[in-house]
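Chain by chain, the residues run as shown.
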Amino acid sequence: SFKASMGTMHRILSYIRSETIRRVGTALVMTPKGNPNFILVGNDVSPIVRTDVGKPYGSITFPMGYSKRMEKPQTSILRVLQQEVFTAPTIEKKDVAQRVIPDTVKPFMYLDIADVRVSVYQITLPEELSEMKSFTSFKIENHRFLDISDLSTKRKGFRTGIVEIAQGYSSFLRGGASFPIYSTAQINRRLALLPLEL
């Protein structure tokens, strides 16, 4: 699912090998109240296809997107919620998205995907916002909850980073480790092994 021009490949390779983070992003692991093993996913139908960072059209994804450096986590989370989970209420000027953001929020994980460092947050949805009819977006369709066991193994059609985030969330649920978790997407590890002369 990773396709890029040779110029883009060289640029991303140089960032990966120098461990340079050029952009930042936000991903949300959203679970219904009382069911922490079920995670909200959907199919990415954003008109902007980014195969250079493993984001092909229609791929299964968590709500996630780019963020601005140094902005408050609540702001980054709100943007993702408004665009990928609660678009209709946002257009209707309802504060549904703001209601689900905890007062104190910290990422349980950081994941490097290509030259992007993604902060990953866990959000528990109240019961009244856990039905499929609650979710609307112009970027994601077919919202649904999948068991964490279905997301923790690489499968065709997953957006890059989904498996790593699911595995990190599984560790988060088990506890006993220090958080936040720092991880690197498999695509980064594979690219780092390519010959230097590529």
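For the structure itself, consult the block above.
Thresholds applied
Residues numbered from 1 in each chain as written. Predicted model: local features only at pLDDT ≥ 70, side-chain atom pairs only at ≥ 80, totals over all residues. Heavy atoms only, no water. Helix = DSSP H or I, 4+ residues; strand = E, 2+ residues; numbered from the N terminus. Buried < 20%, exposed > 50% of the residue type's maximum accessible area, 1.4 Å probe, protein only. Areas by Shrake-Rupley, 256 points an atom, 1.4 Å probe, with all protein chains shown as cover. Phe/Tyr/Trp six-rings, centres within 6.5 Å; stacked < 30°, edge-to-face > 60°. Pairing = 2+ DSSP bridges. Axes fitted to C-alpha atoms, helices over the stretch in contact; angles between N-to-C directions. Core = buried A, V, L, I, M, F, W, Y, C linked by side-chain atoms within 4.5 Å. Contact = heavy atoms within 4.5 Å. Patch = residues over 30% accessible without salt bridge, like charges linked within 9 Å, V, L, I, M, F, W, Y side chains within 5 Å. Salt bridge = Lys/Arg side-chain N within 4 Å of Asp/Glu carboxyl O. Expected span 1.5 Å × (residues − 1).

### Looking at the overall build of the chain
Moving on, step 1. Check the secondary structure of the chain and you find seven helices and eight strands.
Moving on, step 2. Counting over 198 residues, the chain shows a buried share of 47%.
Moving on, step 3. For the chain, the computed accessible surface area is about 10300 Å², with 53% contributed by carbon and sulfur atoms.

### Let's talk about the environment of Tyr-182
Moving on, step 1. Within the element layout of this structure, Tyr-182 appears in strand β8 (residues 181-184).
Moving on, step 2. Residues Tyr-182 and Gly-168 lie 14 residues apart in sequence; the distance between their C-alpha atoms is 8.9 Å.

### Quick word on the packing of aromatic side chains
The geometry of an aromatic ring pair comes down to the distance between the two centres and the angle between the two planes.
Moving on, step 1. With the rule as written, the count across this model stands at seven aromatic pairs.
Moving on, step 2. Between Phe-135 and Phe-145, the ring centres sit 6.0 Å apart and the planes meet at 75 degrees, which makes this aromatic pair edge-to-face. Of the two residues, Phe-135 sits in the loop between β6 (116-125) and β7 (140-147) while Phe-145 sits in strand β7, which places them ten residues apart along the sequence.
Moving on, step 3. Taken together, a centroid distance of 5.2 Å and an interplanar angle of 90 degrees make the contact between Phe-172 and Phe-179 edge-to-face.
Moving on, step 4. Note on Phe-172: relative accessible area 31%, which makes it partly exposed.
Moving on, step 5. Among the aromatic side chains, those forming a connected cluster through ring pairs are Phe-108, Tyr-169, Phe-172 and Phe-179.

### Let's talk about the sheet that holds strand β2 (residues 38-44)
Moving on, step 1. The antiparallel open sheet is built from three strands, whose spatial order is β3-β2-β7. A single partner strand is all that each edge strand has here, and the edge strands are β3 (60-61) and β7.
Moving on, step 2. One ladder, built from six bridges, connects β2 with β7; its direction is antiparallel. What sits directly across from Phe-38, in β7, is Asp-147.

### Thoughts on the sheet that holds strand β5 (residues 109-113)
Pairing between the strands of a sheet is mediated by backbone hydrogen bonds and can be parallel or antiparallel.
Moving on, step 1. Ordered in space as β4-β1-β6-β5-β8, the five strands form an open sheet in which the pairing is mixed. Where the open sheet ends on each side, the last strands, each with one partner, are β4 (64-67) and β8. Direction aside, neighbouring strands of the sheet carry axes that sit 30 degrees apart on average.
Moving on, step 2. Where β5 and β8 come together, four bridges link them in parallel fashion. Looking at β8, one finds that Met-109 is bridged to Ile-181.

### Regarding the nonpolar core
Moving on, step 1. Counting 24 residues, the largest nonpolar core has Val-120, Leu-151 and Ile-165 as the members making the most contacts within it.
Moving on, step 2. For this core, the secondary structure elements donating two or more residues are β1 (23-32), β2, β5, β6, α5 (148-151) and α6 (162-174).
Moving on, step 3. If we skip the residues at most four places from it in the chain, Val-120 touches Ala-27, Val-29, Pro-107, Phe-108, Met-109 and Ile-165.

### Side note on a nonpolar patch on the surface
Moving on, step 1. On the surface, a cluster of nonpolar side chains totalling about 220 Å² of accessible area is made up of Phe-172, Leu-173 and Phe-179.
Moving on, step 2. Here Phe-179 falls in the partly exposed class, since its relative accessible area comes to 31%.

### Things to note about the side chain of Ser-134
Moving on, step 1. Locating Ser-134 in the fold gives a position in the loop between β6 and β7.
Moving on, step 2. Classification of Ser-134 as buried rests on a relative accessible area of 13%.
Moving on, step 3. Once you skip the residues sitting within four places of it in the chain, Ser-134 turns out to touch Val-85, Phe-86, Glu-128 and Leu-129.

### A closer look at helix α2 (residues 73-84)
Moving on, step 1. The terminal C-alpha atoms of α2, which comprises twelve residues, lie 16 Å apart, in line with the 16 Å expected from a rise of 1.5 Å per residue.
Moving on, step 2. Residues of α2 that are buried make contact with β1, β4, α3 (87-91), α4 (96-99), β6 and β7.

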